[in-house]
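Now for the letters of each chain:
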Amino acid sequence: MLSERRLEVLRAIVHDYVGTEEPVGSKALTERHRLGVSPATVRNDMAALEEEGFIAQPHTSAGRIPTDKGYRLFVDRLAGVKPMTAPERRAIQNFLDGAVDLDDVVGRTVRLLAQLTRQVAVVQYPSLTRSTVRHVELLSLAPARLMLVLITDTGRVEQRMIDCPAPFGEMSLADLRARLNSRVAGRRFSDVPQLVQDLTESFDKDDQGTVATVLSTLLETLVEETEERLMIGGTANLTRFGHDFPLTIRPVLEALEEQVVLLKLLGEATDSGMTVKIGHENAHEGLSSTSVVSVGYGSGSEAVAKLGVVGPTRMDYPGTMGAVRAVARYVGQILAES
């Protein structure tokens, strides 16, 4: 276990290195921070931190920089989440309140996160596997042609055209719409197949073909839409940190182009807590010089998706965690109200 004083020295090193981009020496630390001890004592503390792998000496520099292990300890024990100021919170709310639909919400969230953190922002669309049906609308376009509109609790809207095997009257359509919604509205996607399995038999023989076609289209829509979608923004921000990536920025950019990699990075949506993955904790080799801060968001107490940022390990962790948490909270509120 590190002493409180050595933890303070580590905190000061992380703070200065993130702020100045320069390796930190003992003399600078004692001048900038009230550590209450002599430079010689700070040198001894830094030697102990280095021996335990929390800081390292880059090249021949006289100063030291935090390692992944040092950042990990900083995040777990030393870094609080920096709250957003009232004007920042108002700006977030005003920007997100202007969104007109789910795509707009996700697009605005990506831009906002990238601007606030000056990192790469990644936002996962609400997962339909964890969504519930808000309403199913059926519209008649022609005697034997219908439109099915599926609306989810997260504001997602899916439309499908249906060619019926026979003409389907307005009375039958209203009846099917009412019976269908009485069974599936407010229910999880995963429950829908079982809830509608005997619905076709409850209709007249003449209508059963169309009812079966409508139900199979609905179920296909549910299956199709379980594929996860992401939006990414602010990739250009990485170019500001060129020297933070040991060899080249290319492996990072290539990893960010792979949706599967990004979904793994964000982690399971059901885990709604704040997650910080630092450096080599990221399984993908191209991202071993980056840190990922992510959190779940949702329209109620349960997370339906994740959002987060990717940046260099030399990151303002308290500020980034605060921004990610605040944005997730506002997005959740918007989904709940939509």
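Nothing here was measured: the structure is a model prediction, and the numbers come from that model.

(A) How the structure looks around the sheet that holds strand E7 (residues 230-233). In spatial order, the strands read E7-E3-E10-E9-E8; together these five strands make up an open sheet with antiparallel pairing. Two strands lie at the open edges of the sheet, namely E7 and strand E8 (275-278), each paired on one side alone. Across the sheet, the mean angle separating the axes of adjacent strands is 15 degrees when strand polarity is ignored. Both strand E9 (residues 290-297) and strand E10 (residues 305-312) contribute to a ladder of eight bridges, which runs antiparallel. Paired with valine 295 across the bridge in E10 is leucine 307. Sitting on the sheet, helix H12 (residues 317-337) is in contact with E8, E9 and E10, with an inclination near 25 degrees to E9.

(B) Fine view of the domain arrangement of the chain. Once the domains are mapped, the chain shows domain 1 (4-77), domain 2 (86-125 + 228-337) and domain 3 (129-225). Relative to domain 2, the C-alpha centre of domain 1 lies at a distance of 28 Å. Taken residue by residue, the interface counts eight residues in domain 1 and 15 residues in domain 2. Around 990 Å² of area is buried between domain 1 and domain 2 when both sides are counted, 60% of it from carbon and sulfur atoms. Across the contact surface, domain 1 and domain 2 share two salt bridges. Joining domain 1 to domain 2, the criterion identifies four residue pairs in polar contact (both at pLDDT 80 or more). Broken down by secondary-structure element, the contributors of at least two residues to the side of domain 1 that touches domain 2 are helix H1 (4-20) and helix H4 (68-78). Tallied by class, residues from the side of domain 1 that touches domain 2 come to five nonpolar, no polar and three charged.

(C) Quick look at the pattern of salt bridges. Evaluated as defined, the whole model comprises 17 salt bridges. Two residues, glutamate 50 and arginine 64, come together in a salt bridge whose shortest N-O distance is 2.8 Å. One end of the pair, glutamate 50, is in helix H3 (residues 39-51); the other, arginine 64, is in the loop between strand E1 (55-56) and strand E2 (65-66), with 14 residues separating them in the sequence. Overall, the relative accessible area of 27% leaves glutamate 50 in the partly exposed class. The closest approach of N and O atoms between arginine 145 and aspartate 163, which form a salt bridge, is 2.8 Å. With arginine 145 in strand E5 (residues 145-152) and aspartate 163 in strand E6 (residues 157-163), this pair connects stretches of sequence that are 18 residues apart.

Conventions we followed
- Residue indices follow the written sequence of each chain, beginning from 1 at its first position.
- Reporting of local features is limited, given that this is a predicted model, to residues whose pLDDT is at least 70; pairs of side-chain atoms are given and counted only at 80 or more, and all residues count toward the totals for whole chains, interfaces and linings.
- By convention in this description, side-chain values take in all heavy atoms of the structure and omit both hydrogens and water.
- Being paired, for any two strands, means DSSP has found at least two bridges between them.
- Numbering goes from the N terminus for both helices and strands, where a helix is a DSSP run of H or I of at least four residues and a strand is a run of E of at least two.
- Fitted lines through C-alpha atoms serve as axes, helices being fitted only where they are in contact, and the angles separating the N-to-C directions of these axes extend from 0 to 180 degrees.
- Contacts were defined at the residue level, with two residues in contact if any of their heavy atoms lie within 4.5 Å.
- Either an automatic procedure or a domain database provided the assignment from which the domain bounds are taken.
- The term buried area means the drop in 1.4 Å probe accessible area that two parts suffer when joined, counted for both and summed.
- For this analysis, a salt bridge means a side-chain nitrogen from Lys or Arg found within 4 Å of a carboxyl oxygen belonging to Asp or Glu.
- Definition of a polar contact: a pair of N or O atoms within 3.5 Å, with one able to donate and the other able to accept a hydrogen when the atoms are protein atoms, and with sequence-neighbouring residues admitted only if both atoms are side-chain atoms.
- The residue classification treats Ala, Val, Leu, Ile, Met, Phe, Trp, Tyr, Cys and Pro as nonpolar and Asp, Glu, Lys and Arg as charged. All others, Gly included, are polar.
- Classification of residues uses two cut-offs on accessible area relative to the type maximum, computed with a 1.4 Å probe and protein chains only: under 20% is buried, over 50% is exposed, and between them is partly exposed.

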